[in-house]
Amino acid sequence: MQVPGPTRQALEAEFAAGNRVVAVATRHAEAGTAPAAADEYNLRLAGLLVFLDPPKSDAAEALKRLNTLGITVKIVTGDNPAVAAKVCHDLGLTDAAALTGTDVDAMDDERLTTAIRDTTVFARVSPEHKARIVRIQRKTGGDVAFLGDGVNDALALHAADVGISVDSATDVAKDAADVILLEKDLGVLAEGVAEGRRIFANTIKYVLMGTSSNFGNMFSAAGASLFLPFLPMLPSQILLNNLLYDTSQLAIPTDEVDEEQVRRPAHWDIAFIRRFMICFGPISSLFDFVTFAVMLGVFHADAAQFHTGWFVESLATQTLVIFAIRTRRIPFRHSRPSLPLTLTALGVVALGAALPATPLAHVLGFQPLPTAFFAAVAAMVVVYLFLVELGKRIFYRKTRPPARPQPTLGHRHLRRRAARFSTIIRLPHPQAPQAPAVRR
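First things first, this report covers the structure right here in the doc. (Residues numbered from 1 in each chain as written. Predicted model: local features only at pLDDT ≥ 70, side-chain atom pairs only at ≥ 80, totals over all residues. Heavy atoms only, no water.)

Observations concerning the overall build of the protein chain
Link 1 in the chain: Along the protein chain, the regular secondary structure elements total 18 helices and eight strands.
Link 2 in the chain: Split into buried and exposed, the 440 residues of the protein chain put 38% on the buried side.
Link 3 in the chain: The long-range fraction of contacts in the protein chain, counting pairs at least 24 apart against all pairs at least 6 apart in sequence, stands at 71%.
Link 4 in the chain: If you sum the accessible surface of the protein chain, you get close to 25700 Å²; carbon and sulfur atoms cover 61% of it. (Helix = DSSP H or I, 4+ residues; strand = E, 2+ residues; numbered from the N terminus. Buried < 20%, exposed > 50% of the residue type's maximum accessible area, 1.4 Å probe, protein only. Contact = heavy atoms within 4.5 Å. Areas by Shrake-Rupley, 256 points an atom, 1.4 Å probe, with all protein chains shown as cover.)

Listed below in structure tokens is the structure:
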């Protein structure tokens, strides 16, 4: 079909305005004949159907929030390049021209890697183009999520680190996706990213605190066993200490997370956790040994009183250190913990200090402590938290951000995807006797 010049100009104007256009053309056909492919030629243009498909009103705000979260948004679509570029311009994404599937075919992987970095819109691309763009982007070391809802998006959803679809998508797209959004809203996606990073940051707080405190406690117990004629702490008291300590950390999921921890992605880094444990564990042990010296040299404690003193000091230091470890900022001044975390931590420390004076003391193997000891513990806790804060500044100043892990498709991910194409059928044993044939 030949498109007249004025019609082509009108068509390009509609594309530039971001509208979708369907051309309607006719041709005389003989009655009673079935349509054939050859009938699609020599058509007479009847007109253009123009559809306005504006982006959702909150899409621009959601894209801005994704950008503040450090997420680069790229559009990979099969639509017209002019339409895609106009919609992206309206959303504040880019003013650059789009690359088409033909352009992608003309590039090798190295050139396409550079083009992906400098291009926001890829239009008139096939499903294979989408999957190739995703695979090459993953090779750059970044995590790639792909959001799609059509059959043509299935390959790219499989190729991405995280395939995302919506509840109203095609069944093929939903089967290929890792995450399905119940609401077709980019704001939900941005909120999910922020919430995921907040949960990860709070999880790391507990891991850092638990590994460093436990390392220090085990080091202290091993060292004390070298010169003490009795156990540094009874097994039942260790279990009670851990129970109270873990109870105080139940409120960590409610804790506030610093803005810089949500603004950028974080990764699981065992080497970083190990360095943190080795750095801050000995600081805890140092004050444990100071406690040992105070109990034996100043208060001339017997075994039961020694157990009680270390129980109170150990519980106080390993519980209150969460306020320093939970943030890289200055605690309470530049980063305030949540109220539930503050109350549970202080409440557990107060309970641990009060237990030796309760009727349960004899059952637990505790003895009342002199008032002067609590004053000494309070001073040691203040100095301990000050040293942890000082060590934290030095540690983070010399520690580089964790490197991004290499993109891999884990065994769990492979099994999950392969499960869709697998079935469990109980096969007969190759040596099992077959039933004799019966003739009728």
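Remarks on the sheet that holds strand E8 (residues 179-181)
Link 1 in the chain: With parallel pairing, the three strands of this open sheet are ordered in space as E6-E7-E8. Looking at which strands have only one partner, the edges of the open sheet turn out to be strand E6 (145-147) and E8. The sheet shows a mean angle of 25° between the axes of neighbouring strands, direction not considered.
Link 2 in the chain: As defined by bridge partners, strand E7 (residues 162-166) adjoins E8 across three bridges and the pair is classed as parallel. Following the sheet pairing, Ser 165 is matched in E8 by Ile 180. (Pairing = 2+ DSSP bridges. Axes fitted to C-alpha atoms, helices over the stretch in contact; angles between N-to-C directions.)

Points about the packing of aromatic side chains
Link 1 in the chain: A full pass over the atoms with the stated rule returns 18 aromatic pairs.
Link 2 in the chain: Residues Phe 395 and Tyr 396 carry aromatic rings whose centres are separated by 5.4 Å and whose planes lie at 75° to one another, so their mutual orientation is edge-to-face.
Link 3 in the chain: When its relative accessible area of 8% is taken as the criterion, Phe 395 is described as buried.
Link 4 in the chain: Of the residues examined, Tyr 396 reaches a relative accessible area of 16% and is grouped as buried.
Link 5 in the chain: Through pairs of rings, three or more aromatic residues link up here, namely Phe 219, Phe 230, Phe 289, Phe 292, Phe 306 and Trp 310. (Phe/Tyr/Trp six-rings, centres within 6.5 Å; stacked < 30°, edge-to-face > 60°.)

Observations regarding the environment of Ile 180
Link 1 in the chain: With respect to the helices, strands and loops of the structure, Ile 180 is situated in strand E8.
Link 2 in the chain: Here Ile 180 falls in the partly exposed class, since its relative accessible area comes to 37%.
Link 3 in the chain: Separated by 12 residues in the primary sequence, Ile 180 and Ser 168 have C-alpha atoms spaced 9.4 Å apart.
Link 4 in the chain: Discounting chain neighbours no more than four positions away, the residues touching Ile 180 are Ser 165, Val 166, Asp 167 and Lys 174.

Regarding the sheet that holds strand E4 (residues 99-100)
Link 1 in the chain: Spatially, three strands are ordered E3-E5-E4 in an open sheet, and the strand pairing comes out parallel. Both outer strands of the open sheet, strand E3 (75-76) and E4, are each paired with one neighbouring strand and no more.
Link 2 in the chain: Where E3 and strand E5 (residues 121-123) come together, two bridges link them in parallel fashion. Looking across to E5, one finds that Val 76 is bridged to Phe 122.

A look at a nonpolar patch on the surface
Link 1 in the chain: On the surface, Val 22, Val 24, Leu 49 and Phe 51 cluster together into a nonpolar patch covering about 310 Å² of accessible area.
Link 2 in the chain: Every element with two or more residues in the nonpolar patch is listed here: strand E1 (20-26) and strand E2 (44-51).
Link 3 in the chain: With respect to the element layout, Phe 51 can be found in strand E2.
Link 4 in the chain: The partly exposed category is assigned to Phe 51, whose relative accessible area is 43%. (Patch = residues over 30% accessible without salt bridge, like charges linked within 9 Å, V, L, I, M, F, W, Y side chains within 5 Å. Salt bridge = Lys/Arg side-chain N within 4 Å of Asp/Glu carboxyl O.)

Topic: the pairing of E7
Link 1 in the chain: Taking burial as the measure, the five residues of E7 include four buried ones, the bulk of the element.
Link 2 in the chain: Each parallel crossover has a hand, and for E6 linked through helix H7 (residues 154-159) to E7 it is right-handed.
Link 3 in the chain: The parallel pair E7 and E8, bridged by helix H8 (residues 171-176), forms a crossover whose chirality is right-handed. (Right-handed = clockwise from strand over helix to strand, strands pointing away.)

A short note on the nonpolar core
Link 1 in the chain: One finds Leu 208, Met 209, Leu 244, Phe 276, Phe 311 and Val 388 to be the most contacted residues of the largest nonpolar core, which totals 49 residues.
Link 2 in the chain: At the level of elements, helix H9 (186-224), helix H10 (235-248), helix H12 (270-298), helix H13 (303-320), helix H14 (322-325), helix H15 (339-354) and helix H17 (371-398) are the ones that each hand at least two residues to this core.
Link 3 in the chain: In contact with Met 209, not counting residues within four places along its chain, are Tyr 245, Gln 249, Ile 252, Gln 318, Val 321, Ile 322 and Ile 325.
Link 4 in the chain: Among the nonpolar cores identified, the runner-up in size contains 27 residues, and Ala 115, Val 134, Phe 146 and Val 166 belong to it. (Core = buried A, V, L, I, M, F, W, Y, C linked by side-chain atoms within 4.5 Å.)

Some points on the side chain of Asp 255
Link 1 in the chain: Within the secondary structure layout, Asp 255 lies in the loop between H10 and helix H11 (259-263).
Link 2 in the chain: Take Asp 255: its relative accessible area is 2%, and that puts it in the buried class.
Link 3 in the chain: Separated by 2.7 Å, the side chains of Asp 255 and Arg 326 make a polar contact.
Link 4 in the chain: Leave out the neighbours within four places in its chain, and Asp 255 touches Arg 198, Asn 202, Lys 205, Arg 326, Pro 337, Ser 338 and Leu 341. (Polar contact = N/O pair within 3.5 Å; in protein donor to acceptor, adjacent residues only side chain to side chain.)

Focus: the environment of Gly 210
Link 1 in the chain: The residue Gly 210 is located in helix H9 in this model.
Link 2 in the chain: Gly 210 gets classed as buried once you look at its relative accessible area, which sits at 8%.
Link 3 in the chain: Separated by 36 residues in the primary sequence, Gly 210 and Asp 246 place their C-alpha atoms 9.1 Å from one another.

Describing helix H1 (residues 5-16)
Link 1 in the chain: For H1, spanning 12 residues, the distance from its first C-alpha to its last is 16 Å, which sits close to the expected 16 Å at 1.5 Å a residue.
Link 2 in the chain: One or two steps after H1, the chain reaches Gly 18, where phi turns positive at roughly 85°. (Expected span 1.5 Å × (residues − 1).)

Regarding the packing of H10 against H13
Link 1 in the chain: One way to put it is that H10 packs onto H13 with a least axis distance of 10 Å and a crossing angle of 25°. The pairing of H10 with H13 is recorded here as roughly parallel in orientation. The two elements H10 and H13 cross, and the hand of that crossing is right-handed. Contacts between H10 and H13 involve Gln 237, Leu 240, Asn 241, Leu 244, Tyr 245 and Ser 248 from the first element and His 307, Phe 311, Ser 314, Leu 315, Gln 318 and Thr 319 from the second. (Parallel < 35°, antiparallel > 145°, perpendicular 65-115°, else oblique. Left-handed = near helix turned anticlockwise from the far one by under 90°.)

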